[in-house]
Amino acid sequence: MSFGINQEVSASVLTKDLKDTAIADSKVEFEPAVDYENLQVTNDDGSIILFDNLEDMEIYLTTSKELQSGIGINWYGETVVGTEYKWFHFMGYSKHTPSWRKASEHHVNSGETETFSATVKTEWGDVTASYTRTTGVTSVIPADPSRYSRLGGFADLKIERIKTTQPSFGTRYSTKVKVLDTYIDVVYK
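Residues numbered from 1 in each chain as written. Predicted model: local features only at pLDDT ≥ 70, side-chain atom pairs only at ≥ 80, totals over all residues. Heavy atoms only, no water.

S.K.: Give me the lowdown on the overall build of the protein chain, citing residues and values where you can.
M.R.: Looking only at helices and strands, the protein chain has two helices and twelve strands in total. Seen in sequence order, the protein chain has helices and strands lined up from the N terminus as β-α-β-β-β-α-β-β-β-β-β-β-β-β. Looking at the protein chain as a whole, 42% of its 189 residues are labelled buried. Taken as a whole, the protein chain presents about 10200 Å² of accessible surface, with 48% of it coming from carbon and sulfur. (Helix = DSSP H or I, 4+ residues; strand = E, 2+ residues; numbered from the N terminus. Buried < 20%, exposed > 50% of the residue type's maximum accessible area, 1.4 Å probe, protein only. Areas by Shrake-Rupley, 256 points an atom, 1.4 Å probe, with all protein chains shown as cover.)

S.K.: Break down the nonpolar core for me, citing the residues and quoting the values.
M.R.: Counting residues in hydrophobic clusters, the biggest one holds 14 residues, and the most contacted among them are Met-91 and Leu-157. Looking at this core, the elements that each hand over two or more residues are strand E4 (48-51), strand E8 (113-122), strand E9 (125-134), strand E11 (148-166) and strand E12 (170-188). (Core = buried A, V, L, I, M, F, W, Y, C linked by side-chain atoms within 4.5 Å.)

S.K.: An account of the pattern of salt bridges is requested, with residue identities and associated values reported.
M.R.: Counted by the stated rule, this structure contains five salt bridges. Residue Arg-161 pairs with Asp-52 through a salt bridge whose shortest N-O separation is 2.6 Å. In this pair, Arg-161 is assigned in strand E11 and Asp-52 in the loop between E4 and helix H2 (54-69), connecting sequence segments 109 residues apart. Given the relative accessible area of 10%, Arg-161 is considered buried. (Salt bridge = Lys/Arg side-chain N within 4 Å of Asp/Glu carboxyl O.)

S.K.: How would you explain the pairing of strand E10 (residues 139-142) if you had to name every residue and give the values?
M.R.: Within a regular strand, the side chains alternate between the two sheet faces. A one-sided burial pattern is seen for E10, the buried positions being Ser-139 and Ile-141 and the unburied ones Val-140 and Pro-142. Bridge count for strand E7 (residues 105-108) against E10 is four bridges, and the pairing is antiparallel. Opposite Val-108, over in E10, you have Ser-139 as the bridge partner. (Pairing = 2+ DSSP bridges.)

S.K.: Can you explain the environment of Leu-157? Please cite residues and give values.
M.R.: Among the secondary structure elements, Leu-157 is positioned in strand E11. Given a relative accessible area of 0%, Leu-157 falls into the buried group. Measuring from C-alpha to C-alpha, the distance between Leu-157 and Val-179 comes to 4.8 Å, with 22 residues separating the pair along the chain. If we ignore the near neighbours within four places in the chain, the residues touching Leu-157 are Glu-84, Tyr-85, Lys-86, His-89, Val-120, Ala-129, Lys-178, Val-179 and Leu-180. (Contact = heavy atoms within 4.5 Å.)

S.K.: Outline a nonpolar patch on the surface, supporting the account with residue identities and numerical values.
M.R.: The grouping of Tyr-85, Trp-87, Phe-88 and Leu-180 at the surface amounts to a nonpolar patch, some 420 Å² of accessible area in total. With three residues, strand E5 (residues 77-93) is the single largest residue contributor to the nonpolar patch. Mapped onto the elements of the fold, Leu-180 is located in strand E12. (Patch = residues over 30% accessible without salt bridge, like charges linked within 9 Å, V, L, I, M, F, W, Y side chains within 5 Å.)

S.K.: Explain the environment of Gly-152 to me, and be specific about the residues and the numbers.
M.R.: Note on placement: Gly-152 falls in strand E11. With 36 residues separating them in the primary sequence, Gly-152 and Phe-116 have C-alpha atoms 8.9 Å apart. Dropping the residues within four chain positions of it, Gly-152 is found in contact with Phe-90, Gly-92, Tyr-93, Ser-94, Phe-116, Tyr-183, Ile-184, Asp-185 and Val-187.

S.K.: Go over the side chain of Ser-47 with me, naming the residues and quoting the values.
M.R.: Along the chain, Ser-47 falls in the loop between strand E3 (40-42) and E4. Take Ser-47: its relative accessible area is 0%, and that puts it in the buried class.

S.K.: An account of unusual backbone geometry is needed here, citing residue identities and associated values.
M.R.: Outside of glycine, negative phi angles account for most residues, and trans bonds account for most peptide bonds. Located in the positive-phi region is Leu-39, a residue other than glycine, with phi close to 55 degrees. Examined against the element boundaries, Leu-39 turns out to sit in the loop between strand E2 (34-35) and E3. Residues other than glycine seldom take positive phi values, yet Phe-88 does so here, at roughly 50 degrees. Here Phe-88 is to be found in strand E5.

Don't take any of this as a statement about function, it's just geometry.
Take a look at the structure:
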């Protein structure tokens with residue numbers, strides 16, 4: 001049995017040293033949704049863009065800032081060159097069941113928040129996906145009492161490989177991860 005859960009995708013925040021170094025090197029202001037350690041940016045729609053290298057990420061941030069400030073940049077455009085879907089992908093164990101145990105049911109209380117994060121293998125390399133969920137209602141999730149079990153977080157993911165071409169910067173590639181739906185379910189040992 002699976003239960004759909006509302007989602008909010010999150011990204012790690014830069015450490016102060018990495019952020020200061022990045023600002024000094026590129027002279028670009030960064031928002032809290034930029035994660036230099038994992039080369040990723042979280043968009044307003046919750047999707048995460050992962051970059052192949054630091055240079056591509058800085059070009060993206062620079063051009064995004066210039067577009068927001070009204071400076072004209074010639075874009076040849078973005079093209080999706082590949083899409084992968086991962087359905088019911090395991091994202092990690094729930095904090096509500098920190099150890100394996102034989103139980104007939106597991107309880108999740110209303111208002112509790114937890115974050116799930118996992119590395120996902122794609123044809124373009126490994127990417128990181130994460131989401132934070134808050135339980136809306138107290139739930140009792142039945143389990144087989146004869147087996148060791150825990151609760152796990154799962155997600156449906158859409159992963160796109162994007163090619164962007166600009167006259168001044170050439171061609172760069174990035175990978176965009178969008179969490180489509182999330183679940184919590186029983187995992188057996």
